[in-house]
Amino acid sequence: MSRAMQCQRCLPWGSWMQLRRSLPGSKGTRSVYLCATSVPGTAGGYFLSKVLRTSATSLHRKQPRPNTLPALNSVQLLCLIMGLLGMHSAWLADLPSVPSCALGPALLVSGKEGGCVRYQGGSQEHPVQPSSSRHGLSQRRNVAYSDAVKKHQKTLSAWFSHQPNEERQFGPSFSLDAVHVDPVIRESSLEEILKPSPDLTIQNQLQQPCSRVISLQNLFDVDACGQQVKNVVLYGTVGTGKSTLIKKMVVDWCHGRLPRFELVIPFSCEDLSHSHAPISLRRLITKKYQHLRDVVPMLGTSNLKVLFILNGLERLNLDFRLAGTELCCDVSEPVPSSSIVVNLLRKYLLPEASIIVTTRPSAVRRIPGKYVGRYAEICGFSDTNLQKLYFQMRLSQPGCSGEDSVGSSSGEQENLVEMLSRNLERHNQIAAACFLPSYCWLVCTTLHFLYFTRTVPPSQTLTGIYTSFLRLNFSGEVLDSTDPANISMMKYVAKMMGKLAYEGVMSRKTCFSEDDLQQCFEVEMKTESELNLLEVFRSDVFRFFLTPCMQPGKEHTFVFTIPAMQEYLAALYVVLGEKKTLAQRVGKELSEIIGKVSEDVAVVLSIISKVLPLRFLPVLFNLLKIFPRYFSRLSGKDRDAIAHTMAEELFKEEDYYNDDVLDQINSSILGMEGPMRHPDEAPDDEVFELFPIFMGGILSRRNRAILEQLGCSIKNLAAFEIAKAMEKTVIRNSRKGLPPSELMDYLFFLHEFQNERFTAEAIRSLRTVNLSSVKMTPLKCSVLASVMGTTCHEVEELILASCNLDTSSLGILFPVLLRCKALQLANNPVGEQGAQYLAEALAGNCSLTHLSLLHTALGDRGAEVIAQRLAENQHLRELNLGYNSLTDTAALHVVEVAKKHATLDKVHLYFNDISEDGKRALHSLRMDRDGVRALVFLTAGTDVSDYWSHILSVVQRNLPFWDRERVQQHLALILQDLESSRRQTANPWRKARFLRVESEVRKMLGRLQHGTL
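For clarity, every value in this text was computed on a predicted model and none was experimentally measured.

What counts and what doesn't
Residues numbered from 1 in each chain as written. Predicted model: local features only at pLDDT ≥ 70, side-chain atom pairs only at ≥ 80, totals over all residues. Heavy atoms only, no water. Helix = DSSP H or I, 4+ residues; strand = E, 2+ residues; numbered from the N terminus. Buried < 20%, exposed > 50% of the residue type's maximum accessible area, 1.4 Å probe, protein only. Contact = heavy atoms within 4.5 Å. Areas by Shrake-Rupley, 256 points an atom, 1.4 Å probe, with all protein chains shown as cover. Phe/Tyr/Trp six-rings, centres within 6.5 Å; stacked < 30°, edge-to-face > 60°. Pairing = 2+ DSSP bridges. Axes fitted to C-alpha atoms, helices over the stretch in contact; angles between N-to-C directions. Right-handed = clockwise from strand over helix to strand, strands pointing away. Arc of directions from axis to C-beta. Core = buried A, V, L, I, M, F, W, Y, C linked by side-chain atoms within 4.5 Å. Disulfide = S-S within 2.5 Å. Salt bridge = Lys/Arg side-chain N within 4 Å of Asp/Glu carboxyl O. Patch = residues over 30% accessible without salt bridge, like charges linked within 9 Å, V, L, I, M, F, W, Y side chains within 5 Å. pLDDT = per-residue confidence, 0-100. Parallel < 35°, antiparallel > 145°, perpendicular 65-115°, else oblique. Left-handed = near helix turned anticlockwise from the far one by under 90°.

Caption draft 1: Just the overall build of the protein chain, in detail. Counting its regular elements, the protein chain contains 41 helices and 21 strands. The proportion of buried residues among the 1013 residues of the protein chain is 54%. Contacts in the protein chain between residues at least 24 apart in sequence constitute 79% of all its contacts with a sequence separation of at least 6. About 43300 Å² of surface is accessible on the protein chain, with carbon and sulfur atoms providing 51% of the total.

And the structure:
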């Protein structure tokens, strides 16, 4: 016979469960129809679990009977059920006390024999619900389900659209819909995963079989055998975009772009790995997504198309053996979270559900192949067109260049995209790096830092970008969850890759063979556990840091994916204390350096000032080849001889600059499309100038905090010892004077170190700041202004000649301009607008004595703006306005103002559009009579034979690297100046010398015009 129970006051109709039991000695089968919530609360849950466990029943869905009875109290109902099912009541004492109204309201007993027993459990009558009420409840249930799903979509969309700190820090934050580019997904198989990987070459990496590419929307299509795919394993190495792809997939579903599924439930396996208490699937879902409590009862009871997303399966230790994980098909049964995952993949729990799993390659084999319908590998941006699309979308977004310069920088954004595209088309090393979407993010973030940083102080540091980049990819990552050591992945990277990077820096090496890798990685491997960790590392992480070399003849060697990453990891390796103590390294390696170059004192000083900040580089950088050239130029320069200065600066203009570390990073990304190298520089010599800068940056408080989160703890004592050592050495040697590019590196190092007290003490000893020919981008101007802003001391001389300074750059440098005694801004596109800043600086500077604005495109209007504020400066003695296209009116106006100035006695006006009459009038001014001297000829007061041979030799030597058309223009201008000077002199011997030099200049001009030079 059968017994049925129905609840009139709880869940809607249709939520009945049938309990069946075949009793010993009975001819019939007894069944109990039980409402899912007719036994509510803790006591009810305990009662049901006892009934199910004792009677070994199975559950079925069945429609309720129309006739109902009032409720029994809990004890009556319990005794009746036990009696009917023939249970033993020994466990009744273990049942918690329950109230008399704890169970359902009515009981209907009927049998196969046709007999019926009706029991009234109380005096209150409960009318039977009509069919119209049932229809209304069904409608309300559908409305509740729809509302719950909409709320779920809204919550998921907000959560998965939320950008990490790294995204919001470095430039504008973009939504996934705005800049997302789907990576290439290639259908794979377990056999491919298990077989040894092919040689890692750029051809294998960037040329995947197109015929096996599959889109995200088609992952659950039928397989080759026509079987519907339910379980998909999506795997890829670190940085290929697994997590971002899943985020985009969830957001697409929330916005109705993934109609295949009615419900998507994402789980983080990292989160599940920390859950140790048994929990049911229903409770797990409502615990993570409370708003789904009205939807969860429908799981497994309807044709609901649900998709479970299990992100990061490598964090779970799964055991698919029956002895390790028992079968479970009950969504309400509390089991370990790993058991839920295993039974979902077995399709024993919710067999109708679809599941997508993301994992790293090393963990793919943890799921038996029979439970996987499709393997798919994320191949990143293996198509360079995807890389171009990403950069186009990212760098062309409104606001990428900052709120204040949206319109003015659109051309610069387009130029960056164009240069990147050309570099990618050449299949340069950057194309191999951007195979990983993570590195595309790093490239864009670095370009944003280099080109669009205009705040003082800069809001970011280069070291901070690289540290945050590593946190973005390795935060919370464990190398192997099955290893008892549970070692942080970043800690292992710092140890293994850091060692390789450090040894490469020490030996000035950027390409590594397989033998190099084996010697570095396997020489200390002694245990099975260490070898297993190395295997996981090579499978999951290796390609994140090393990529095939693109140079011809080196196809089977590896280089670091981004050149600067080698120097960062080398710096991290040292700072983490993997080598000897700092005190032991300083004396030994410094003595080695000095011993190697003791014959040249100037070189020794420059090397010490460059190397000592970090003391760990027994190599001579590029100073050995750069410093002698600059040393001879600086020491031999006669600052009173105008033409001698022009020999180096006027002709060169912007053909090449002194490359500092920021220029090197820029070139590694955009290629060598900008200024050419100087002919004295060796192009293939590795420099590793970022290595010491990164070491200083890693020691900053913020970067140490981030590295602590990644499992790389840097002791406070170590940071203190390094800072103390730098204070004794760097500050002392910075007073010796550095070449321009090395000085820019030094300033950048102080900025990266982020120690204001230390920076102030270092800058206080810096009296002359010579950054001549360093291309001063807004970032470099911000660094200079920030570092100099730590003190308020006067700067004896600030040399910014040929630095590509424009109006915005002058605005950033304005506080520094107010503190200079001598300011050189020759060969910069200052223009009329920039003259406004200079005029204000001129008026506000109480100590300025020399101002050079040679060849700064001022024009008449700019010169007049300067002249209007001259009287407000009472210390200026010399003003250079040469080569600014000034006419007679503007030149005479400047001279009239200069006559009335208390201290100004010399004004340079040569190479301007002044008529011959104007030149004669200006040339006739005398210091003793008029109070000012106007120099309208470049050669005035000097012996042309002393320097013109030097000028012409410099021009001839650099012709292959300079713009020939511009050189012709300048030579013609100088020839005109020589002729005017000759006409103004009365000395016959000087006239003869002018004629000889004019003849040489004409010969060179003729050979240039005919192409014979």
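Don't stop here, the text continues.
Caption draft 2: Structural detail: the packing of aromatic side chains. Inspection of every chain in the model, using the stated rule, returns 24 aromatic pairs. With a centroid separation of 5.9 Å and an interplanar angle of 85°, the aromatic rings of F512 and F560 are classed as edge-to-face. A residue pair is termed long-range when its members are at least 10 positions apart, and F512 in the loop between α17 (489–506) and α18 (514–521) and F560 in strand β14 (residues 558–560) qualify at 48 residues. Assessed through its relative accessible area of 3%, F560 is described here as buried. Aromatic ring contacts, followed pair by pair, group Y439, W441, F469, F474, F544 and F545 into a single cluster.

Caption draft 3: Geometry of the sheet that holds strand β12 (residues 374–378). Here we have 6 strands laid out as an open sheet, ordered β7-β12-β8-β11-β10-β9, and mixed in their pairing. Strands at the two margins of the open sheet, each flanked by one partner only, are β7 (185–188) and β9 (263–268). When strand polarity is set aside, the average angle formed by the axes of neighbouring strands in this sheet is 20°. In this structure, β9 lies alongside strand β10 (residues 306–311), joined through 6 bridges in parallel fashion. Bridge pairing links F267 to L310 in β10.

Caption draft 4: Spatial organisation of the sheet that holds strand β20 (residues 906–908). Ordered by their spatial adjacency, 7 strands build an open sheet running β15-β16-β17-β18-β19-β20-β21, and the pairing between neighbours is parallel. Lying at the two open borders of the sheet, with one neighbouring strand each, are β15 (768–770) and β21 (933–935). This sheet shows a mean twist of 10° between the axes of neighbouring strands, independent of strand direction. Note: strand β19 (residues 878–880) against β20, 3 bridges, orientation parallel. Note that in β20 the partner of N880 across the bridge is H908.

Caption draft 5: Representation of the pairing of strand β16 (residues 795–799) within the structure. The element β16 is largely enclosed, with a buried count of 4 among its 5 residues. Bridge count between β15 and β16: 3 bridges; the pairing is parallel. Counted as the bridge partner of T768 is E797 from β16. What joins β15 to β16 is helix α32 (residues 778–788), and the crossover it makes is right-handed. Looking at chain direction, β16 and strand β17 (residues 820–824) are connected through 4 bridges and run parallel. Paired with E797 across the strands is A822, a residue of β17.

Caption draft 6: How the structure looks around helix α37 (residues 916–923). Within α37 the residues assigned to the buried category are G918, K919 and L922. On an axial view of α37, the arc spanned by its buried residues comes to 100°, and they lie on one face. For α37, the elements touching its buried residues are α36 (888–900), β21 and α40 (964–984).

Caption draft 7: How the structure looks around the nonpolar core. Counting residues in hydrophobic clusters, the biggest one holds 168 residues, and the most contacted among them are F545 and L909. Element by element, the count of residues in this core is highest for α17, at 12 residues. In this structure, L909 is in contact with L881, G882, L886, A891, V895, I914, L922, A934, L935 and V936, ignoring residues within four places of it in sequence. Membership of the second largest hydrophobic core comes to 72 residues, among which are L258, I309, L349 and I356.

Caption draft 8: Up close: the state of the cysteines. Applying the stated rule across the entire model yields 0 disulfides. With no disulfide partner, C328 has as its closest neighbouring cysteine sulfur the one in C329, 6.4 Å distant. Judged by relative accessible area, which is 8%, C328 ranks as buried. A disulfide-free cysteine, C434 has its sulfur positioned 3.9 Å from the sulfur of C440, the nearest such atom.

Caption draft 9: Representation of the pattern of salt bridges. A complete count under the given rule lists 29 salt bridges for this structure. Between R321 and D319 there is a salt bridge; the shortest N-O distance is 2.7 Å. Residue D319 is classed as partly exposed on the basis of its relative accessible area, which comes to 23%.

Caption draft 10: Molecular detail of a nonpolar patch on the surface. On the surface, L322, L327 and Y348 cluster together to form a nonpolar patch covering roughly 300 Å² of accessible area. Inspection of the secondary structure assignment puts Y348 in the loop between α11 (337–346) and β11 (354–359). According to the relative accessible area criterion, Y348 is partly exposed, its value standing at 39%.

Caption draft 11: Representation of the confidence of the model for the protein chain. Considering every residue of the protein chain, the mean pLDDT works out to 75; 69% of them sit at 70 or more. In the model, residues 1–72 has pLDDT below 50 throughout and makes 185 contacts with residues more than four positions away in sequence or in other chains. Across residues 580–656, where pLDDT falls below 50, the model places 173 contacts with residues more than four positions away in sequence or in other chains.

Caption draft 12: Structural view of the pairing of β11. Across the 6 residues that make up β11, a large majority, 6, are buried. Taking every second residue as pointing to the same face, both faces of β11 are buried, with S354, I356 and T358 on one and I355, V357 and T359 on the other. In the sheet, strand β8 (residues 231–235) pairs with β11 via 5 bridges, with the strands oriented parallel. For N231, the partnering residue across the bridge sits in β11 and is I355. Inspection of the sheet shows β10 paired to β11 by 5 bridges, in the parallel sense. The partner of L310 across the bridge, within β11, is V357. A crossover connection joins β10 to the parallel β11 through α11; in handedness this β-α-β unit is right-handed.

Caption draft 13: Geometry of unusual backbone geometry. With an omega of -5°, the peptide bond between V456 and P457 qualifies as cis. Here P457 is to be found in the loop between α15 (437–452) and α16 (462–474). Residues other than glycine seldom take positive phi values, yet Q754 does so here, at roughly 55°. Relative to the helices and strands, Q754 resides in the loop between α30 (740–753) and α31 (756–764). The residue F911 is not glycine, and still its phi comes out positive at about 60°. Note that F911 resides in the loop between β20 and α37. Among the residues examined, F911 registers a relative accessible area of 8% and is labelled buried.

Caption draft 14: Up close: the packing of helix α13 (residues 410–425) against α15. Viewed as axis vectors pointing N to C, α13 and α15 meet at an angle of 135°, and their least axial separation amounts to 12 Å. Here α15 runs oblique to α13, going by the angle between their axes. Classified by chirality, the crossing of α15 by α13 is right-handed. Contacts between α13 and α15 involve E412, Q413, L416 and L420 from the former and V443, L447, Y451 and F452 from the latter.

Caption draft 15: Quick look at the side chain of S782. Relative to the helices and strands, S782 resides in helix α32. Once residues lying within four places of it in the same chain are set aside, the contact partners of S782 are T453, R454, T455, V456, P458 and I812.

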